[in-house]
Amino acid sequence: MSIDKSDSTKSNNLSHSSKVLYTISDNGVATVTFNNAEKHNAFDDTIIKTLTDIFNDIAKRDDIKVMVLAANGKSFSAGADLGWMKRMAGYSYEDNLKDAHKLAEMLKVLNFLPQATIAKIQGAAFGGAVGLASCCDIVIASNKASFCLSEVKLGLIPATISPYVVNAIGLKASRRYFQTAERFFADKAMQIGLVDEVVDADELTPAVDKMIATLLSNSPAAMRQAKQLAFDVAYQKIDEPLLSDTSARIASIRVSNEGQEGLSAFFEKRSPAWQQSASTGNHLTSNHVASSQCNDSEG
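As the structure is a prediction and not an experimental result, all values here were calculated from the model. (Residues numbered from 1 in each chain as written. Predicted model: local features only at pLDDT ≥ 70, side-chain atom pairs only at ≥ 80, totals over all residues. Heavy atoms only, no water.)

A.B. asks: Account for the packing of aromatic side chains, naming residues and giving values.
C.D. replies: Scanning all chains against the criterion turns up five aromatic pairs. Where Phe-112 meets Phe-231, the ring centres are 4.7 Å apart and the plane angle is 50 degrees; that geometry is what we call tilted. With Phe-112 in the loop between α4 (93–111) and β5 (116–121) and Phe-231 in helix α9 (residues 220–233), this residue pair connects regions lying 119 residues apart in the sequence. Between Tyr-177 and Phe-184 the ring centres are 4.6 Å apart and the planes differ by 45 degrees, which places this aromatic pair in the tilted class. For the pair Tyr-177 and Phe-184, one class covers both residues: buried. Through a chain of ring-to-ring contacts, three or more aromatic side chains come together here, namely Phe-147, Tyr-177 and Phe-184. (Phe/Tyr/Trp six-rings, centres within 6.5 Å; stacked < 30°, edge-to-face > 60°. Helix = DSSP H or I, 4+ residues; strand = E, 2+ residues; numbered from the N terminus. Buried < 20%, exposed > 50% of the residue type's maximum accessible area, 1.4 Å probe, protein only.)

A.B. asks: Would you mind going over the pairing of strand β2 (residues 20–25) in detail, with residue names and values included?
C.D. replies: The element β2 is largely enclosed, with a buried count of six among its six residues. Burial of the side chains of β2 extends over both faces: Val-20, Tyr-22 and Ile-24 are buried on one face and Leu-21, Thr-23 and Ser-25 on the other. One ladder, built from five bridges, connects β2 with strand β3 (residues 29–34); its direction is antiparallel. Bridge pairing links Leu-21 to Thr-33 in β3. Taking the residues that link successive antiparallel strands as the turn, the β2-β3 hairpin has three residues, and the phi of Gly-28 there is positive, at about 85 degrees. (Pairing = 2+ DSSP bridges.)

A.B. asks: An account of the pattern of salt bridges is requested, with residue identities and associated values reported.
C.D. replies: Scanning the entire structure with this criterion turns up eleven salt bridges. The partner of Lys-19 in a salt bridge is Glu-38, with the nearest N and O atoms 3.5 Å apart. Here Lys-19 is found in the loop between α1 (8–14) and β2, whereas its partner Glu-38 is found in the loop between β3 and α2 (45–59), with 19 residues between them in sequence. Residue classification places Lys-19 among the partly exposed residues on the basis of a relative accessible area of 22%. With relative accessibility at 57%, the residue Glu-38 sits in the exposed group. Arg-61 serves as the salt-bridge partner of Asp-63, at 2.8 Å between the closest nitrogen and oxygen. (Salt bridge = Lys/Arg side-chain N within 4 Å of Asp/Glu carboxyl O.)

Right, dumping it as structure tokens:
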């Protein structure tokens with residue numbers, strides 16, 4: 001994966017010929033944008049590899065505090081590309097297994113990114129795109145957004161996305177929507193837990209910006225540890241090992257640099273250092289490009 005250092009003007013010029021945009025602002029916000037509107041931002045094996053590379057790059061960067069997953073055009077993503085699916089249908093079981101594992105790996109990297117992640121859903125999110133949304137910490141959707149786990153219409157199942165979708169919407173809703181392939185809208189998506197906020201279409205960007213500002217006001221190190229904490233304690237038995245582990249975590253972060261700074265700032269009635277550094281602007285410093293095509297399934 002190559003990342004070209006560039007200013008915001010150059011990044012915008014490059015975006016016209018790219019299928020996936022990857023930009024990083026000065027204040028530590030990475031934005032990954034599907035940019036293949038004429039194909040409804042569908043993805044194929046090339047796009048999956050590109051996303052895996054991008055997410056892996058984000059995961060290892062301490063300068064990135066928040067990642068936004070977004071899309072240009074009317075649709076967020078139609079899921080798997082038809083051409084890719086047609087090609088894979090003619091491949092062997094072994095080749096299909098390898099191909100599916102690459103998608104599974106990309107979803108895993110996204111789900112476990114150490115940074116806070118926001119999915120910005122402006123339109124249709126079908127098939128695998130529901131999986132992408134389920135892998136993000138926070139999902140903000142336009143009231144025009146719609147969702148569909150459409151795999152069974154094509155004789156397939158939402159296999160690789162299923163751990164994340166079931167985690168997001170629960171077993172009961174999964175049993176329904178995995179089988180019916182019904183299209184449902186943002187209000188229903190919020191009701192079942194897939195979406196966190198629904199806003200008017202023209203308020204989507206301000207709502208995402210507000211959430212970014214909220215996240216940037218918090219300790220970057222503490223947010224990373226808090227996210228990992230949620231993964232580690234979920235569904236665990238509340239026993240002595242868990243009590244010891246959580247006690248050790250809070251003791252450790254209390255004496256950490258950011259823990260000490262946060263407590264000092266609070267008692268001294270001033271802003272902590274990370275809030276000052278987060279307000280340095282939104283100038284784009286990096287750009288990454290790639291390509292894709294279209295459909296409505298996980299693949």
